[in-house]
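Given next are the chains, with one letter for each unit.
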Amino acid sequence: MEAARRVALITGATRGIGLAFAREYAQAHHRQDLILVGRSEAALRDLVKQLRKNQGGRIEIIVADLSAPDSGEGVAEQVMALGMKVDVLVNAASADHVGDFIEQAPQTAQAQITLQCAAMVDLCQVLAPAMVAQRSGTIINVAAAGGSQPRPYASVAGGVAAFVLSFTQALRAELRPQGLRVVAICPAPARWLGLSASTSPETLVKRSLRAVRLNRATVTPGWRDALAGLVIRVLPTRVIAARLRRRR
Ligand SMILES: NC(=O)c1ccc[n+]([C@@H]2O[C@H](COP(=O)([O-])OP(=O)(O)OC[C@H]3O[C@@H](n4cnc5c(N)ncnc54)[C@H](OP(=O)(O)O)[C@@H]3O)[C@@H](O)[C@H]2O)c1
């Protein structure tokens, strides 16, 4: 008898890490139905067309601006309306801003906090109970290497990464005895450091899925990400700030 299909809900599915997760989960061997969440209906529909070439399962889209208050709950209601039970939640939507804090529009900071903290927490809160009831499920949240350290000139992004890492590790400790796997992905914050991305989203996803299989707490996708995390942790924040200031 064939194993039952599972359902993965992916936010930020139209680009970057979220898109790489969508492509990977669309591979037939994962036996995964998909719910793709994004802001642009046209981009999501294009993606569904591409993914259909690989997978014959169910693919649904939910159009949502997750920077709007209570949008996480709205997504959960739409999942209920679809009649699908989510086994895997990937929170990859993001809107990082790099630059001087005082030049940033207040709504930009608020939008990032709502998107990456509030909506992420809401989705975990609404979707985790069904996973607990079946004593299996996976939650993957995207944080960053050196995630608990401050990031001058990306102050809100740094605060958000620290929140995601702390929240994810605490949630893991609570839900692990109930059969869930909860993982934080920690790629190097390349754009903030003025570097090109050290690990491709595709490699990052493959390593993340391996970490889920091994039930690891965090994924640092490559040695450059690990090195960046170490440097961020070891160097005093004022030294990092001075270096970034010189580059501007
Ligand atoms: N890639 C890296 O090297 C790297 C390194 C360190 C940390 N990270 C972290 O990883 C996360 C993802 O990075 P990424 O490179 O994959 O980002 P990305 O390529 O910029 O993709 C962001 C995704 O989030 C979606 N999104 C943005 N605002 C949204 C909103 N208001 N509502 C719903 N969806 C929204 C985007 O959709 P639209 O197409 O609608 O904009 C897009 O699909 C971030 O937290 C980032 O800080 C990434």
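Higher on the page you've got the structure.
(A) Quick look at unusual backbone geometry. One non-glycine residue, Asp70, lies in positive phi territory at about 65°. Locating Asp70 in the fold gives a position in the loop between β3 (59-63) and α3 (71-82). Given a relative accessible area of 56%, Asp70 falls into the exposed group. Despite not being glycine, Arg135 shows a phi value in the positive range, around 55°.

(B) Expanded view of helix α2 (residues 41-52). Taking 1.5 Å as the rise per residue, α2 with twelve residues should run 16 Å; its terminal C-alpha atoms sit 16 Å apart, in good agreement. Among the residues making up α2, those that are buried are Leu44, Leu47, Val48 and Leu51. An end-on view of α2 places all buried positions within 105° of arc, on one side of the element. Residues Ala42 and Lys49 are exposed on α2 and point more than 90 degrees away from its buried face. At its buried positions, α2 is contacted by α1 (16-25), β2 (32-38) and β3.

(C) Summary view of the packing of aromatic side chains. For the structure shown, the criterion picks out two aromatic pairs. On the numbers, 6.0 Å between centres and 5° between planes, the contact of Phe163 with Phe167 is stacked. Here Phe167 and Phe163 lie together in helix α5 (residues 155-175), a separation of four residues that amounts to about one turn. Residue classification places Phe163 among the partly exposed positions, given a relative accessible area of 35%.

(D) Fine view of a nonpolar patch on the surface. The grouping of Trp223, Leu227, Leu230, Val231, Val234, Leu235 and Val239 at the surface amounts to a nonpolar patch, some 650 Å² of accessible area in total. With five residues, the top contributor of residues to the nonpolar patch is helix α8 (residues 223-234). Its place among the elements puts Val239 in helix α9 (residues 237-247). Val239 sits in the partly exposed class, given a relative accessible area of 33%.

(E) Seen up close, the sheet that holds strand β1 (residues 6-11). Read across the open sheet, the seven strands follow the order β3-β2-β1-β4-β5-β6-β7; overall the sheet is parallel. Strand pairing shows two members of the sheet lacking a second neighbour, β3 and β7 (218-219), which therefore form its edges. Strand direction decides the pairing type here: strand β5 (residues 137-142) and strand β6 (residues 180-185), joined by six bridges, are parallel. By the bridge assignment for β6, Asn141 is matched with Ala184. With respect to the sheet, α1 is in contact with β1, β2, β4 (88-91), β5 and β6, its orientation differing from that of β1 by roughly 160°.

(F) Representation of the pairing of β6 within the structure. Counting buried residues along β6, five of its six residues qualify, which places the element largely inside the surrounding structure. At this point the chain moves from β5, through α5, to the parallel β6, and the crossover so formed is right-handed. Strand direction decides the pairing type here: β6 and β7, joined by two bridges, are parallel. Counterpart to Ile185 in the pairing with β7 is Val219.

(G) Spotlight on the pattern of salt bridges. Considering all chains together, one arrives at five salt bridges under this definition. Between Arg5 and Asp33 there is a salt bridge, with the nearest N and O atoms lying 2.6 Å from each other. Here Arg5, found in the segment before β1, pairs with Asp33, found in strand β2; they are 28 residues apart in sequence, far enough to count as distant. Look at Arg5 and you get partly exposed, because its relative accessible area is 33%. On the basis of relative accessible area, Asp33 is assigned to the buried category, the value being 11%. Here Lys206 and Glu24 are joined by a salt bridge, their closest N and O atoms 2.9 Å apart. Of this pair, Lys206 sits in helix α7 (residues 201-213) while Glu24 is found in helix α1, placing the two residues 182 residues apart along the sequence.

What counts and what doesn't
Every chain is numbered independently, its residues counted from 1 as its sequence is written. pLDDT decides what is reported in this predicted model: residues at 70 or higher carry local features, side-chain atom pairs at 80 or more are listed and counted, and totals for whole chains, interfaces and linings draw on all residues regardless. Where side-chain values are given, they derive from all heavy atoms of the structure, hydrogens and water being excluded. A run of H or I in DSSP counts as a helix once it spans at least four residues, and a run of E counts as a strand once it spans at least two, with each numbered from the N terminus. Using a 1.4 Å probe on the protein chains alone, a residue whose accessible area is under 20% of its type maximum counts as buried, one over 50% counts as exposed, and one in between counts as partly exposed. To estimate how far a helix should extend, the number of its residues minus one is multiplied by 1.5 Å. As used here, the arc belongs to the directions running from the helix axis to the C-beta atoms. By the convention used here, residues are in contact when the closest approach between their heavy atoms is within 4.5 Å. Stacked, edge-to-face and tilted labels apply to pairs of Phe, Tyr and Trp rings (six-membered ring for Trp) whose centres lie within 6.5 Å, assigned for plane angles under 30 degrees, over 60, and everything in between, in that order. Within the patch definition used here, like charges are joined within 9 Å and nonpolar side chains (Val, Leu, Ile, Met, Phe, Trp, Tyr) within 5 Å, considering only residues with over 30% relative accessible area and no salt bridge. Using the Shrake-Rupley algorithm and a 1.4 Å probe, accessible areas are obtained, with residue cover drawn only from the displayed protein chains. Salt bridge, as used here: a side-chain nitrogen of Lys or Arg that lies within 4 Å of a carboxyl oxygen of Asp or Glu. If DSSP finds at least two bridges between two strands, the strands pair. Note on geometry: axes are lines fitted to C-alpha atoms, helical ones only across the stretch in contact, with angles between N-to-C directions running from 0 to 180 degrees. When the strands point away from the viewer and the connection leading from the first strand across the helix to the second strand turns clockwise, the crossover is called right-handed.

All quantities given are derived from atomic positions and should not be read as evidence of function.
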